[in-house]
Amino acid sequence: MTSEKKEAQSENQGKSLLWELFFNLCLPTVLLMHGHSFLHVSAKVALALAISCPLSYGILDWVKEAHFNWIAFLGLISIVVKGSVGLFEGSNQLLAINEMLVPTIFGVGLVIMRLLRKPPFLIKFLLNDQICNTKFILERLEQNKTLPVLNQHVILYEWILSGLFFFSATLNYLLAKYLVVHPAGSIEFNHELGLLTGWSFAIIAVPATLGLLCIVWRFFTQVQKLSQLTWEEVFKN
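Every value quoted in this text rests on a predicted model; they were computed, and no experiment measured them.

Student: Explain the overall build of the protein chain here, please?
Tutor: Across its full length, the protein chain holds nine helices and zero strands. Listed N to C, the secondary structure of the protein chain is α-α-α-α-α-α-α-α-α in terms of helices and strands. Looking at the protein chain residue by residue over its 237 residues, the buried ones come to 36%. In the protein chain, once contacts between residues fewer than 6 apart in sequence are set aside, the share between residues at least 24 apart is 73%. Element-wise, carbon and sulfur atoms account for 69% of the exposed surface of the protein chain, whose accessible area totals about 14,100 Å².

Right, dumping it as structure tokens:
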């Protein structure tokens, strides 16, 4: 592939990511906060429109590209969790619990896997044949007798990852309790949901993603070091 084609592909991927973030995060947030005023609709209709953004984007992307869109899915989960309380006029306490539920489930799942001494899932998850020369890497690790060392590092990373999930769950709960104070179904409630969506992304999603990227970077650094392979040999072209 020529450098011009690579640059064009990178530019298209960047534009696609910006569009996905706009349609699945920014637009639903704006609809929650201001949809009732500039569209002259009720709070519940604005809430339904906000939910429809990531839902429709995910369906269209699936039909067009035939692959699962994680950004649309996470956007949908975020809006549906918040929106279900508004549409069915549940309590704000229920909203706060819902906000912390998903990361808590992931965190508990990781802790259970570690307590049951299950094989580290990060190795299977990150060392996949789509991006890595998995068979070659594992053969070299076994040859160097360093696979147990990698397992020890990965177990530590999984404990750290579970801590990130619990930290995210705690912040989700506190943000929901602090920001959302008006009753469900009201215009003020929708506005507060929009604030919650925006602040959750800035305060929770971005730091958690950076923490996850650090774990991924440390994992592949250890893989490269313990296998004594070059980066070109670790990753597929």
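Student: I'm lost on the environment of A208 in this one. Help?
Tutor: Along the polypeptide, A208 turns up in helix 8 (residues 187-227). For A208, a relative accessible area of 25% translates into the label partly exposed. Taking the C-alpha atoms as reference points, A208 and F165, 43 residues apart in sequence, are found 8.0 Å from one another.

Student: Help me understand the pattern of salt bridges in this model?
Tutor: Once the charged atoms of two side chains with opposite charge are near each other, the side chains can pair. Inspection of the entire model under this criterion finds one salt bridge. A salt bridge links E158 to R114, with the nearest nitrogen and oxygen atoms 2.5 Å apart. Pair noted here: E158 is in helix 7 (residues 147-179) and R114 is in helix 4 (residues 92-115), with a separation of 44 residues, a long-range link. The pair formed by E158 and R114 is uniform in burial state, with each residue classed as buried.

Student: How should the nonpolar core be read in this particular structure?
Tutor: L127, I137, L150, F219 and F220 are the most contacted members of the largest nonpolar core, which totals 20 residues. Within the residue set of this core, elements represented by two or more residues are helix 5 (121-126), helix 6 (134-144), helix 7 and helix 8. Counting residues in each nonpolar core, the second largest holds twelve residues, with L95, V180, F189 and L196 among its members.

Student: Can you walk me through a nonpolar patch on the surface in this structure?
Tutor: Together, V30, F38, L39, V45 and L49 make up a nonpolar patch on the protein surface, roughly 380 Å² of accessible area in all. Contributions of two or more residues to the nonpolar patch are made by helix 1 (3-38) and helix 2 (43-65). Tracing the chain through its elements places V30 in helix 1. Since its relative accessible area comes to 36%, V30 is described here as partly exposed.

Student: What is the right way to read the packing of helix 6 against helix 8 from this model?
Tutor: The geometry of a pair of packed helices is captured by two quantities: the angle between their axes and the separation between those axes. The contact between helix 6 and helix 8 brings their axes to 9 Å, and the two run at 55°. Here helix 6 lies oblique to helix 8, going by the angle between them. The element helix 6 and its partner helix 8 pack so that their crossing is left-handed. Counting all contacts with helix 6, which are made through I137, R140, L141 and N144, the residues of helix 8 involved are V223, L226 and S227. Classifying every residue of the contact of helix 6 with helix 8 gives four nonpolar, two polar and one charged.

Student: Mind showing me how you'd approach the packing of aromatic side chains here?
Tutor: The geometry of two aromatic rings is summed up by the distance between their centres and the angle between their planes. One pass over the structure, following the stated rule, counts four aromatic pairs. Between the aromatic rings of F219 and F220, the centroid separation amounts to 5.1 Å while the plane-to-plane angle is 80°, which identifies the pairing as edge-to-face. The two residues F219 and F220 agree in class, both being buried. With a centroid separation of 5.0 Å and an interplanar angle of 50°, the aromatic rings of F220 and F235 are classed as tilted.

Student: Even after reading the chapter, I still don't get unusual backbone geometry, so can you show me in this structure?
Tutor: Apart from glycine, the bulk of residues carry a negative phi angle, and the bulk of peptide bonds sit in the trans form. Of note in the backbone geometry, R117 takes a positive phi value of approximately 55° without being a glycine. For K145, which is not a glycine, the phi torsion comes out positive at approximately 60°. If you trace the backbone, K145 turns up in the loop between helix 6 and helix 7.

Student: Looking at this structure, how should I read the environment of K177?
Tutor: Take K177: it is sitting in helix 7. Since its relative accessible area comes to 41%, K177 is described here as partly exposed. Along the sequence, K177 and A96 sit 81 residues apart, while their C-alpha atoms lie 6.0 Å from each other.

Here is what the cut-offs are and how they apply
- Residues numbered from 1 in each chain as written.
- Predicted model: local features only at pLDDT ≥ 70, side-chain atom pairs only at ≥ 80, totals over all residues.
- Heavy atoms only, no water.
- Helix = DSSP H or I, 4+ residues; strand = E, 2+ residues; numbered from the N terminus.
- Buried < 20%, exposed > 50% of the residue type's maximum accessible area, 1.4 Å probe, protein only.
- Contact = heavy atoms within 4.5 Å.
- Areas by Shrake-Rupley, 256 points an atom, 1.4 Å probe, with all protein chains shown as cover.
- Salt bridge = Lys/Arg side-chain N within 4 Å of Asp/Glu carboxyl O.
- Core = buried A, V, L, I, M, F, W, Y, C linked by side-chain atoms within 4.5 Å.
- Patch = residues over 30% accessible without salt bridge, like charges linked within 9 Å, V, L, I, M, F, W, Y side chains within 5 Å.
- Axes fitted to C-alpha atoms, helices over the stretch in contact; angles between N-to-C directions.
- Parallel < 35°, antiparallel > 145°, perpendicular 65-115°, else oblique.
- Left-handed = near helix turned anticlockwise from the far one by under 90°.
- Nonpolar A, V, L, I, M, F, W, Y, C, P; charged D, E, K, R; others polar.
- Phe/Tyr/Trp six-rings, centres within 6.5 Å; stacked < 30°, edge-to-face > 60°.

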